[in-house]
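# Topology and contacts: notes
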Amino acid sequence: MRTFLHISLLAVLFALCLSGNAMYAQGTQVISTDTICYQDTRLNIFENGYVDWTGLKKESRAVYAGNSGDAITAIQLRANYGTSGIVTTSSGGSVTNVEVEWNENTENGRNLGIYGKNTPYSSPSELYDDATAGTLIGVIINGQNTALSIQGDYKYLGVRSQEFVCYLNSLCITWNDVLIIGDVNSDGNLDVTDVVAIANYVMGSASADFNAQAANVNAEGDIDVSDVVQLANKVLGN
């Protein structure tokens, strides 16, 4: 069965490569909120202290990376470490809001800097370099506010303590995205690269930026060879 599936997918992809077709498609607006908690940042419960973590995905298509501590079972961000913070390595669309639930152990006046830019972050250490930090959009200060509404169009987000240590029960990030069914690499076009990406997923190999929502072409819930065929026919104009 797997061999037959492999041959069928190859035939579909070969036909697409010969056609060279690509099409632009209109999308629908999708609002998603990602809630990051302590457990998301501490996948290995036996690790202590500040650790690096990557590849975190929640509701949106954003991918998060960070460096944070484990004190008092909260997300611990410390400015004077120079590597501590949370960033997006893949975009979730345009960020519209950031909200913090402060842990009671954070002293009043401690604050988080919210940064944005339109190129990916690679690690939280970039937030400590003016050349790579992006724009300081605003500050969330314990005892004064818990949320920041984002003005402007920023595709990538960074969060770090501005001084001393901050403890967070949760960090919620809201994204305004455009979902184009079939556009699994989110480049705005439907073409052979999207069909290849879904085929690879069906065969057990998904790329890091694979958009599973967009891959459900036939709206049946599961992502399988029928989604590959339907998208291929769409790209071919059938």
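Rules and cut-offs
Residues numbered from 1 in each chain as written. Predicted model: local features only at pLDDT ≥ 70, side-chain atom pairs only at ≥ 80, totals over all residues. Heavy atoms only, no water. Helix = DSSP H or I, 4+ residues; strand = E, 2+ residues; numbered from the N terminus. Expected span 1.5 Å × (residues − 1). Pairing = 2+ DSSP bridges. Axes fitted to C-alpha atoms, helices over the stretch in contact; angles between N-to-C directions. Phe/Tyr/Trp six-rings, centres within 6.5 Å; stacked < 30°, edge-to-face > 60°. Buried < 20%, exposed > 50% of the residue type's maximum accessible area, 1.4 Å probe, protein only. Polar contact = N/O pair within 3.5 Å; in protein donor to acceptor, adjacent residues only side chain to side chain. Contact = heavy atoms within 4.5 Å. Salt bridge = Lys/Arg side-chain N within 4 Å of Asp/Glu carboxyl O.

### Description of helix α4 (residues 225-236)
- If you check α4, its first and last C-alpha atoms are 16 Å apart, about what twelve residues at 1.5 Å a residue would give, namely 16 Å.
- Just downstream of α4 lies Gly 237, where phi reads positive at about 85°.

### Description of the sheet that holds strand β8 (residues 111-117)
- Strands sit in the order β3-β4-β6-β11-β8-β9 across an open sheet of six strands; the sheet is antiparallel. Looking at which strands have only one partner, the edges of the open sheet turn out to be β3 (51-57) and β9 (135-141). Adjacent strand axes in the sheet meet at a mean angle of 20° when their direction is disregarded.
- In terms of strand pairing, β8 meets strand β11 (residues 156-161) through six bridges, oriented antiparallel. Counted as the bridge partner of Tyr 115 is Gly 158 from β11.

### Quick look at the packing of aromatic side chains
- Enumeration according to the criterion identifies two aromatic pairs in this entry.
- Taking the centre distance of 4.5 Å and the plane angle of 65° together, the rings of Tyr 50 and Tyr 81 count as edge-to-face. Of this pair, Tyr 50 sits in the loop between β2 (28-37) and β3 while Tyr 81 is found in the loop between β5 (75-78) and β6 (85-90), placing the two residues 31 residues apart along the sequence.
- The class for Tyr 81 is partly exposed, based on a relative accessible area of 44%.

### Concerning the side chain of Arg 110
- In this structure, Arg 110 sits in the loop between β7 (94-102) and β8.
- Of note is the side chain of Arg 110, whose polar atom sits 2.9 Å from the backbone oxygen of Val 165.
- Not counting the four nearest positions on each side in its chain, Arg 110 is found in contact with Trp 102, Ile 140, Ile 141, Asn 142, Glu 163, Phe 164, Val 165 and Cys 166.

### What to know about the pattern of salt bridges
- Enumeration over the complete set of coordinates arrives at five salt bridges.
- Here Lys 58 makes a salt bridge to Asp 40, at a shortest N to O gap of 3.1 Å. With Lys 58 in the loop between β3 and β4 (63-68) and Asp 40 in the loop between β2 and β3, the pair connects residues that are 18 residues apart, well separated along the chain.
- Judged by its relative accessible area of 16%, Asp 40 is buried.
- Note that Glu 126 is salt-bridged to Lys 117, the shortest N-O span being 3.4 Å. There is no split in this pair, since Glu 126 and Lys 117 are both buried.

In short, shape yes, function no, at least from these values alone.
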